[in-house]
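# Chain and residue survey
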Amino acid sequence: MNSKVRIALTKGRIESKAVELLDRIGYDTSELKNKGRRLILSIPNEDIEVVLAKAADVITYVEHGVCDIGVVGKDTIMEHGGKFFEVLDLGFGRCKFALAGKKGGSFYDGYGVKTVATKYPAVTRAFFESKGMDVDIVKIEGSVELAPLVGLSDGIVDIVETGTTLKENGLDVFEDVAPISARLIVNTVSMKLKQERVSEIVRLIKENCDDKNN
Amino acid sequence: MKRYDLLTPEGTRDLLFEECAAKRAVTEGLTDLFESYGYSEVMTPGLEFFDVFNGKVRYFPQETMYKLVDGKNRLMVLRPDNTMPIARLAATRLRGEQLPLKLFYNQSIFVVNPKNSGRDDEFTQSGIEILGGKSGAADIEALSLAAKALAVCDEDYRLEIGDNGFFRELIPQLGADEELAESIREFIETKNYPALGEIMSGYDSKAAAAIGKLPELFGGAEVFAEAEKYMFTDSLRERLRELKALYDSICGICPADRIRVDLGLVHKKNYYTGILFRGYVQGYGRPVLSGGRYDKLLGDFGREAAAIGFAVNVEAAAKVLYARGVGVPAPDVLVHGEQGAETAALKHCGELISEGLTVYHSLFECPKCAAEYAKAHNIRRIDIVSADGSVKSEEVRQ
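Counting buried residues in helix α2 (residues 83-91) of chain B gives seven out of nine residues, a clear majority hidden from the surface. Looking at the buried side of α2 of chain B, the elements it contacts are β2 (47-49), β5 (101-110), β6 (122-131), α10 (297-300) and β12 (307-313) of chain B.

This part covers the domain arrangement of chain B. Residue and element names in this part refer to chain B. For chain B, the domain assignment lists domain 1 (1-146 + 267-319), domain 2 (165-265) and domain 3 (333-395). Of the residues lining the interface, ten residues belong to domain 1; the matching set on domain 2 comes to nine residues. Within the residue set of the side of domain 1 that touches domain 2, elements represented by two or more residues are α3 (135-153) and β10 (275-280). With four residues, the top contributor of residues to the side of domain 1 that touches domain 2 is α3. In terms of residue class, the side of domain 1 that touches domain 2 is made up of four nonpolar, three polar and three charged.

We now examine the sheet that holds strand β4 (residues 69-73) of chain A. Residue and element names in this part refer to chain A. Spatial ordering of the open sheet is given by β2-β3-β1-β4-β11-β5, a layout of six strands whose pairing is mixed. Each edge of the open sheet carries a strand with a single partner, namely β2 (40-43) and β5 (85-89). In this sheet, adjacent strand axes meet at a mean angle of 25 degrees when their direction is disregarded.

To continue, consider the domain arrangement of chain A. Residues and elements named next belong to chain A. In terms of domain boundaries, chain A breaks down into domain 1 (5-93 + 181-208) and domain 2 (95-179). Computed over C-alpha atoms only, the centres of domain 1 and domain 2 are separated by 31 Å. Each partner contributes residues to the interface: domain 1 has five residues there, and domain 2 has eight residues. Within the side of domain 1 that touches domain 2, the residues separate by chemical class into one nonpolar, two polar and two charged.

All names here are of chain A. Taken residue by residue, helix α5 (residues 121-130) has Val 123, Thr 124 and Phe 127 as its buried positions. Projection of α5 onto a plane perpendicular to its axis shows the buried side chains occupying an angular sector of 100 degrees, all on one side. Contact partners of the buried residues in α5: α4 (74-80), β6 (95-102), β7 (114-118), β8 (135-139), β9 (155-160) and β10 (171-180). One or two residues past the end of α5 sits Gly 132, with phi positive at roughly 65 degrees.

All right, on to the interface of chain A and chain B then. Counting residues at the interface gives 17 residues for chain A, matched by 17 residues for chain B. Elements with a contribution of two residues or more to the side of chain A that touches chain B: β5 and α8 (190-193) of chain A. It is β5 of chain A that contributes the most residues to the side of chain A that touches chain B, five residues altogether. Tallied by class, residues from the side of chain A that touches chain B come to seven nonpolar, six polar and four charged.

Rules behind the numbers
Residue positions within a chain follow its written sequence, with the count starting from 1. All chains are assigned letters beginning at A, and all ligands numbers beginning at 1, according to the order in which they are written. For this predicted model, a pLDDT threshold of at least 70 governs which residues receive local features, and a threshold of 80 or more governs which side-chain atom pairs are given and counted, while totals over whole chains, interfaces and linings are taken from all residues. Burial is judged by counting the other C-beta atoms within 10 Å of a residue's own C-beta: 20 or more makes it buried, 12 or fewer makes it exposed, and any count in between marks it as partly exposed, with every C-beta position built from the backbone. Counting from the N terminus, the helices are DSSP H or I runs at least four residues long and the strands are E runs at least two residues long. By definition, residues are in contact whenever their C-beta atoms, placed on the basis of the backbone, come within 7 Å of each other. Each domain's limits were defined by an automated method or a database of domain assignments. Only Asp, Glu, Lys and Arg are considered charged in this grouping, and only Ala, Val, Leu, Ile, Met, Phe, Trp, Tyr, Cys and Pro are considered nonpolar; every other residue, Gly among them, is considered polar. Pairing between strands requires that DSSP locate at least two bridges from one strand to the other. The convention used is that axes are lines fitted to C-alpha atoms, helices contributing only their stretch in contact, and that angles between N-to-C directions extend from 0 to 180 degrees. By definition, the arc is the one covered by directions from the helix axis to the C-beta atoms.

This is the structure we're talking about:
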């Protein structure tokens, strides 16, 4: 039986912020900083193992209980859903989901059913369902900004950080959909079976994350 | 057109040998337990009318049910739950039976899961239902059986109890509309402290403080003292006292460190009306047991009665057992009849079985092939039966 606590980090920007956070707690993160191609890393002198995964996989690993704790963006949580505890807003990776389209245009004009391009169909569907509005959703894998420009869609729902990409392509935010930031998630069984250790780690992370408003 | 003749549908699978043994060990362990406490077995059909699960209150979203139509074009479902058919049974064929009724079952349910989620769409549940009876005593009985059922799967289990009555009593005092109340419930269930805190910071009341605290109130006996501070009405305090009394009774029967409390158990789409409980074991990322008190459900079917019950996810428990390794015992003896000794060989099999041994009757052409089979399958003795009825026993060197 694995009595270690396994933490899954979303690779990339969230990972580096999370490693800074682990540093502040006082964990030895040398392995994490010199990871090479390894995917499972340990924190010396602690019963903690860190795994690196793509955002959606962090949720999958935590949901199935093979990882106890995960660090993942709210965007992925909103798109994928799942059963786990979402205990902390870590405060980093802040951005938002927004509805955008051609500058000067108006998304809601006219009777016609609108077409929305997005990498996040579930988020988009939930957003328009809450407005009681029928829309056609087209799933796009790459740069969503292209879709309204070439006439595939009336608008896009996408992650907006600074808005520079939108601006450079003549697009504008019509409406904010939801704020996003990195979250700490915990498997529902780990929280109970390893309560002491997991609570301790959650407390340390809470005390050391940027956002003191939690 | 693509043919699917070599696959099982997603979410289902064939179980082989050791997997079957693991599953059977769980169901047999649980059946023995339930029977030893005088429970009676029931079986309900795998096919039910959609209406059974689509009554006044809809506990199951229709997109999670497998549906089909019968010969009269009526909508049917593959049984998505075991408790509701038993409530139907209690209100119909068992109508004349005096309460309390103690029933148990071992049968599959079917759930449509999101694709590629790695979850079972078909899985067996073993569980009990106590219909009627003295509530307090029934709660203790159900919980102590739940603890014993978990011990069948894993000695190092946790049984967690809660009561969704705290939430149901607190939420009207907040004056939140249905939509907001649902968001709050969801944030409590997912222990989403930041989102819950943000909503509650907009209120300045004892009810809001208590609701904001609910998801943090989990752990051992210390939880009750902490919860006490937030219970500001007599009925809330009474509810907490009752839960504490129940917790103490269970701790008197089972090892206390196995029993936990979580006042943040407020799960949706269930018919539970009070005490709720869940069971966890090492090696499985979701609860293996869940149950609770449902005092309104039988009334939905026309027979008012309080009830409590729980179900064990047998597949989950079997997976845990399988991962630890379960042995399937090899037969004791391989019996091979030579040409013309087929009847004598089978007769010899019968004799060995009556002596308490297990046998494998060889259908191989030659004794050599039979010997190879025995060796490969850990059978330690071969009996060769000759046409004259004589038997020659050989040890198999492993």
